[in-house]
2 protein chains.
Amino acid sequence: MKKFEEKTIQTTAIFDGKIVKLQVDDVILPNGNMAKREIVKHPGAVAVIAITHEGKLVMVEQYRKVLERSIIEIPAGKLEPGEEPIVTARRELEEETGYGAKEFTYLQTFATSPGFADEVIHLFIAKDLYKIENKAQLDEDEFVELLEVSLKEAQAMVADERIYDAKTAFAVLWLGLQ
Amino acid sequence: MKKFEEKTIQTTAIFDGKIVKLQVDDVILPNGNMAKREIVKHPGAVAVIAITHEGKLVMVEQYRKVLERSIIEIPAGKLEPGEEPIVTARRELEEETGYGAKEFTYLQTFATSPGFADEVIHLFIAKDLYKIENKAQLDEDEFVELLEVSLKEAQAMVADERIYDAKTAFAVLWLGLQ
C-alpha cells in the first residue's frame, strides 16, 4: 500500500513527551513538489469490548483533559514499550473494571487519526467475565467509574451522543451486528 | 460532564503548526495531586458517508504519511477557521470525489483520540449524488483515488482490515444497520 508515497527528506524532532512525540517531516510529494507533514507519534493502544454474563457492555466514565469533559468509553489504554496488545488489553480491563475474562479474542486494528497521528487501536472481545479479587491498581493519575449498559441502551447512547468516543461507538455498532 | 475534573494550573505552549498545536498542561487531579497532560490541539474534521444511486459507498485511497502507507477512507477533511461543518463536508466531498449531493444530513460527532488529542469528527450522510462539472481542486499537497464499493464488499474490507481507518469502519457498520 504505497500508492502516492511521500518520501521523507528530513525529520525535525519537536517534542518527546511521556505519551506523545511530535516531529515535522519534509517530504517529496508524488508530483515532485515538497511539503511538510506534522506527525504525532503515539505508542498505540488497545480497547476491549467486554460483555457480562447478563449481556451488558462494560464501559468506564473518565475525565478527558483534551476535551475538558468526562466521556464514556469502553476500557482502553496505551501499550507499554514492547508489550503484546493482548497483555495490555487484559491489564487495562482488570485495572479499569476489576474484570478478568476467560475468553479473550482479537477483533481488529484501526487507525484513529491518520491525518496527524500514528495511533492505532487493537480491539479485543472479552467474554465469560469474572471479578478479580485484589485487582491491579489504576495508574496514579487515572480516575474512572464503571458502567454496565444493555446493548439497547448503548445504542441509544450512540444515537444521542452520550457516547462521544469513536472506538466505543464502533464497539456498540459491532455488537448490534452479532 | 465534569466528573473527575482536572483543573489547569499552567499551560505551556510547545508547538504551533499548520495542522496541530501541542501544549502541556499542569493539572490538579481529583485527589489533589498534580499531573502533566500532553494535549494535541486540532481544528476538528468532517467525514461523509456518501452513497451512490447504485447503493455503493464512496471512498478514497490516499497516502497517510503518519502511517507510511496508503489507506482507504470515506471522504474527510479539516475544518477551516470559523467554518460550519456542513460547509466543510460539502467542500471535501466535492474536492475528493467530484460529487455533490442533493440530500445532505448530519449524523453525529465523536472524538477520535481522547487520550491525547481534541480532534472531533462531524459525520454527515450524502445521498442523491451528482457529478459536479469543473469541480473544486484538491489541496496542492493532496492526492487521492476514488473507489465506489458495495456494502457487502465494504463489510468484507472492514473484517480483513483493508479498511484500517476508524471513522470508515464506523461508517460501514452504520450503513449495515440501515
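In this text the structure is predicted, and so the values were computed from the model without any measurement.

Rules used throughout
Residues numbered from 1 in each chain as written. Chains lettered and ligands numbered in written order. Predicted model: local features only at pLDDT ≥ 70, side-chain atom pairs only at ≥ 80, totals over all residues. Heavy atoms only, no water. Least-squares fit on C-alpha atoms with pLDDT ≥ 70 in both. Contact = heavy atoms within 4.5 Å. Buried area = accessible area lost by both parts, 1.4 Å probe. Salt bridge = Lys/Arg side-chain N within 4 Å of Asp/Glu carboxyl O. Polar contact = N/O pair within 3.5 Å; in protein donor to acceptor, adjacent residues only side chain to side chain. Helix = DSSP H or I, 4+ residues; strand = E, 2+ residues; numbered from the N terminus. Pairing = 2+ DSSP bridges. Buried < 20%, exposed > 50% of the residue type's maximum accessible area, 1.4 Å probe, protein only. Arc of directions from axis to C-beta. Core = buried A, V, L, I, M, F, W, Y, C linked by side-chain atoms within 4.5 Å. Axes fitted to C-alpha atoms, helices over the stretch in contact; angles between N-to-C directions. Parallel < 35°, antiparallel > 145°, perpendicular 65-115°, else oblique. Left-handed = near helix turned anticlockwise from the far one by under 90°. Nonpolar A, V, L, I, M, F, W, Y, C, P; charged D, E, K, R; others polar. Patch = residues over 30% accessible without salt bridge, like charges linked within 9 Å, V, L, I, M, F, W, Y side chains within 5 Å. Areas by Shrake-Rupley, 256 points an atom, 1.4 Å probe, with all protein chains shown as cover.

Caption draft 1: View of the relation of the copies chain A and chain B. Least-squares fitting of chain A to chain B yields an RMSD of 0.0 Å, with the transformation described by 0.0 Å of translation along the axis and a rotation of 180 degrees. A rotation of that kind, with that shift, is consistent with a two-fold axis. Take the interface residues of chain A: 100% of them recur as interface residues in chain B, which is what a same-surface contact looks like.

Caption draft 2: The arrangement of the interface of chain A and chain B in detail. With 70 residues of chain A at the contact, the number on the chain B side is 70 residues. Interface area for chain A against chain B, summed over the two sides, is near 6,400 Å², with a carbon-plus-sulfur share of 64%. If you look at where chain A meets chain B, you find six salt bridges. Across the pair lysine 3 of chain B and glutamate 145 of chain A runs a salt bridge whose closest N-O atoms are separated by 2.9 Å. The tally of links between chain A and chain B comes to 33 residue pairs in polar contact (both at pLDDT 80 or more). For the side of chain A that touches chain B, the secondary-structure elements that each account for two or more residues are β1 (7-16), β2 (21-28), β3 (34-41), β5 (57-64), β6 (69-73), β8 (99-111), β10 (144-149) and α3 (166-176) of chain A.

Caption draft 3: Local environment of the pairing of strand β9 (residues 120-131) of chain A. Residue and element names in this part refer to chain A. Sheet analysis places strand β4 (residues 45-50) next to β9, joined by six bridges and oriented parallel. Paired with valine 48 across the strands is phenylalanine 124, a residue of β9. Note that β8 and β9 share eleven bridges and pair antiparallel. Counted as the bridge partner of glutamine 108 is leucine 123 from β9.

Caption draft 4: Structural view of helix α2 (residues 151-159) of chain A. Turning to α2 of chain A, its buried residues are Ala154, Met157 and Val158 of chain A. All buried residues of α2 of chain A fall inside an arc of 100 degrees around its axis, so they share one side. Exposed residues lying more than 90 degrees from the buried face of α2 of chain A are Lys152 and Ala159 of chain A. Contacts from the buried residues of α2 of chain A go to β5, β6, β10 and α3 of chain A together with β8 (99-111) of chain B. Positioned one or two residues after α2 of chain A, glutamate 161 of chain A has a phi angle of 70 degrees, which is positive.

Caption draft 5: Representation of the nonpolar core in the model. Among the nonpolar cores identified, the biggest contains 56 residues, and Ile49, Met59 and Leu123 of chain A together with Ile49 and Met59 of chain B are the most heavily contacted of them. Contact partners of isoleucine 49 of chain A, with chain neighbours within four places excluded, come to Leu57, Ile74, Leu107, Leu123, Phe124, Ile125, Ala126, Ala171, Trp174 and Leu175 of chain A. Listed in part, the 14 residues of the second largest apolar core include Val24 and Val40 of chain A together with Val40 and Phe116 of chain B.

Caption draft 6: Spatial organisation of the packing of helix α2 (residues 151-159) of chain B against helix α3 (residues 166-176) of chain B. Residues and elements named next belong to chain B. One can describe the packing of α2 onto α3 by two numbers: an axis separation of 10 Å at closest approach and a directional angle of 135 degrees. Taken together, α2 and α3 sit at an angle that is classed as oblique. As for how α2 packs across α3, the hand of that crossing is left-handed. Facing α2, whose interface residues are Leu151, Ala154, Gln155 and Val158, α3 presents Ala169, Val172, Leu173, Leu175 and Gly176. Among the residues forming the contact of α2 with α3, the class breakdown is seven nonpolar, two polar and no charged.

Caption draft 7: Representation of the side chain of glutamate 83 of chain A. Residue and element names in this part refer to chain A. Within the fold, glutamate 83 resides in the loop between β7 (76-78) and α1 (85-97). Within the local environment of glutamate 83, its side chain forms a polar contact with the side chain of arginine 91, the two groups lying 2.6 Å apart. Beyond its immediate chain neighbours, meaning those up to four positions away, glutamate 83 contacts Lys78, Thr88 and Arg91.

Caption draft 8: Examining α3 of chain B more closely. Most of α3 of chain B is tucked away: ten of the eleven residues are buried. Restricting attention to buried positions, one finds in α3 of chain B the residues Ala166, Lys167, Thr168, Ala169, Phe170, Ala171, Val172, Leu173, Trp174 and Leu175 of chain B.

Caption draft 9: Up close: the sheet that holds strand β4 (residues 45-50) of chain B. Residues and elements named next belong to chain B. Spatial ordering of the open sheet is given by β7-β4-β9-β8, a layout of four strands whose pairing is mixed. Two strands close off the open sheet at either side, each with one partner strand: β7 (76-78) and β8. Strand-to-strand twist of the sheet, defined as the mean angle between neighbouring strand axes without regard to direction, takes the value 25 degrees.

Caption draft 10: View of unusual backbone geometry. Its identity as a non-glycine residue notwithstanding, aspartate 128 of chain A has a phi of 55 degrees, on the positive side. In this structure, aspartate 128 of chain A sits in strand β9. Look at asparagine 134 of chain B: it is not a glycine, yet its phi comes out positive at around 50 degrees. Take asparagine 134 of chain B: its relative accessible area is 78%, and that puts it in the exposed class.

Caption draft 11: Region of interest: the side chain of aspartate 165 of chain A. Looking at where aspartate 165 of chain A falls in the secondary structure, it is placed in the loop between α2 and α3. For aspartate 165 of chain A, a relative accessible area of 0% puts it in the buried group. Within the structure, aspartate 165 of chain A has its side chain in polar contact with the side chain of threonine 168 of chain A (distance 2.5 Å). For aspartate 165 of chain A, the residues in contact, after removing those within four places along its chain, are Ile71, Ile72 and Glu73 of chain A together with Phe110, Ala111 and Pro114 of chain B.

Caption draft 12: A look at a nonpolar patch on the surface. Where nonpolar side chains cluster on the molecular surface, the patch consists of Ile9, Ile28 and Met34 of chain A and spans about 270 Å² of accessible area. Within the element layout of this structure, isoleucine 9 of chain A appears in strand β1.

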